[in-house]
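# Coordinate analysis (summary)
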Amino acid sequence: MSNNLYILIFRKTVVVDEQKMRNTDFKKRAKGYIDLIRPFTLLAPIIVSMCIMVASFFYSGKTGNITTLLWSTILPASFTLAVLNAASNALNQAADVKTDKISKSYRPLPRGLLSIGQAKILSAVLYLLAFYMSTTINIMFTIFVLLIAVFTVTYSISPRLKDFLFFNQMWVAIPRGLLGILASWSVFGNSLQPVPIAVGLIAMFFLIGGSITKDITDSDADKKTGTHTLVNTFGVKKAAFMALPFMFFPFVMIPVLIDNGILDSYLWLLTFLAVPGYFIFYLMIRDDKKSKFLENTSAWTLMYATYFFFAFSFSVLTVVGSVIS
């Protein structure tokens, strides 16, 4: 009788342990999927796109309850761009496993939490979801979403522009800067107007320079796996000097754009964003160490913060300027 009791207790213990292991594995896989999309980087399309959409609404003289439109149009459109970014993040990690095994071994694929196939499936599902959601906004928004998808896909897989010097910077800056802003503006306004094109080009040129901050921690790994960046080709300091004009002069040129009637006069305050542009350069040449809190450098963090503030400031100034005029 006692032997049967011991056997029963043992079996129950095994079942409980197996259940705990399954729960632990599920939690690890779930966290792996979350880490694949890199949630922090999704703040950029959400914050930037919402700011640009609000600016577009007021600049274009649209009528309607902005609070109602926030829930019916602005949030769905910005979430679409965030999903698109998440798709590109998952695809990029699927294509960069060799590099991540060297420089970012804590990511889900190098750790074996998920397979490359699972990452690609997640990416495909998210791309399809982003496309479907874009069709609920308007045709121009859908076109821009498709264009952004083309850039992000060809960045990671064939012809994999990420591996080619200079092209890799442009393939980040064009979709995240120019096309992202034009897509956001198209929700309420005409994206072919001078204002959104000028603002999109400012963002694009800034990101051409600022995007090299993400390559600092991957420098050695990129070189070993055949990806040629400014950082691993010329070194951090030379790369920083090459990037400085792109992070500084787009903002300095704003008064020129105002004098030529391309931008409105109330946007002159955006010129001061040349200051953080310079500080990004300073952080690159002073300290190329990884941040204690994020997976990249302090220069990368400031680059993202500057881009956020650029979009937010542009939105506030445009709303105030449009209301006053």
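Computed from a predicted structure; not experimentally measured. (Residues numbered from 1 in each chain as written. Predicted model: local features only at pLDDT ≥ 70, side-chain atom pairs only at ≥ 80, totals over all residues. Heavy atoms only, no water.)

## Re helix H7 (residues 167-185)
Heads up, the rule is: Secondary structure elements are taken from DSSP: a helix is a run of H or I of four residues or more, a strand is a run of E of two residues or more, and numbering for both begins at the N terminus. By this rule, a helix spans an expected 1.5 Å times one less than how many residues it contains. Each residue is assigned a bend, namely the angle between axes fitted to the seven residues that terminate at it and the seven residues that start at it. Using a 1.4 Å probe on the protein chains alone, a residue whose accessible area is under 20% of its type maximum counts as buried, one over 50% counts as exposed, and one in between counts as partly exposed.
Counted at 1.5 Å a residue, the expected span for H7 with its 19 residues is 27 Å, and the 26 Å between its end C-alpha atoms agrees. Maximum bend of H7: about 40°, positioned at Ile174, with proline Pro175 one to four residues after it. In terms of residue burial, H7 counts as a mostly covered element, since 16 of its 19 residues are buried.

## A closer look at unusual backbone geometry
In the segment running from Ser158 into Pro159, the intervening peptide bond is cis, with an omega of 5°. As for its position among the elements, Pro159 is in the loop between helix H6 (139-156) and H7. One non-glycine residue, Arg160, lies in the positive phi region at around 45°. Its identity as a non-glycine residue notwithstanding, Phe166 has a phi of 75°, on the positive side. Along the chain, Phe166 falls in the loop between H6 and H7. The class of Phe166 is partly exposed, set by a relative accessible area of 42%.

## Observations regarding the confidence of the model for the protein
As a reminder of what qualifies: A score between 0 and 100, pLDDT records how confident the predictor is in each residue. Note on contacts: a residue pair qualifies if any of its non-hydrogen atoms lie within 4.5 Å across the two residues.
Per-residue confidence for the protein gives a mean pLDDT of 90, with 90% of residues at or over 70. In this model, residues 14-18 is a region of pLDDT below 50 whose contacts with residues beyond four sequence positions or in other chains number 0 contacts.

## Quick notes on the nonpolar core
Rule in force here: Note on terminology: a nonpolar core comprises buried Ala, Val, Leu, Ile, Met, Phe, Trp, Tyr and Cys residues joined through side-chain atoms within 4.5 Å.
Within the largest apolar cluster, 93 residues are counted, with the highest numbers of intra-cluster contacts made by Leu263, Phe310 and Phe314. For this core, the leading source of residues is helix H3 (residues 66-95), giving 11 residues. Excluding residues that lie within four positions of it along the chain, Phe314 makes contacts with Ile52, Ala55, Trp185, Val195, Val199, Leu267 and Leu270.

## Quick notes on the environment of Phe57
Mapped onto the elements of the fold, Phe57 is located in helix H2 (residues 43-59). Relative accessible area serves as the criterion here: at 4%, Phe57 is assigned to the buried category. Separated by 128 residues in the primary sequence, Phe57 and Trp185 place their C-alpha atoms 8.2 Å from one another. Dropping the residues within four chain positions of it, Phe57 is found in contact with Lys62, Thr63, Gly64, Ile66, Leu69 and Phe188.

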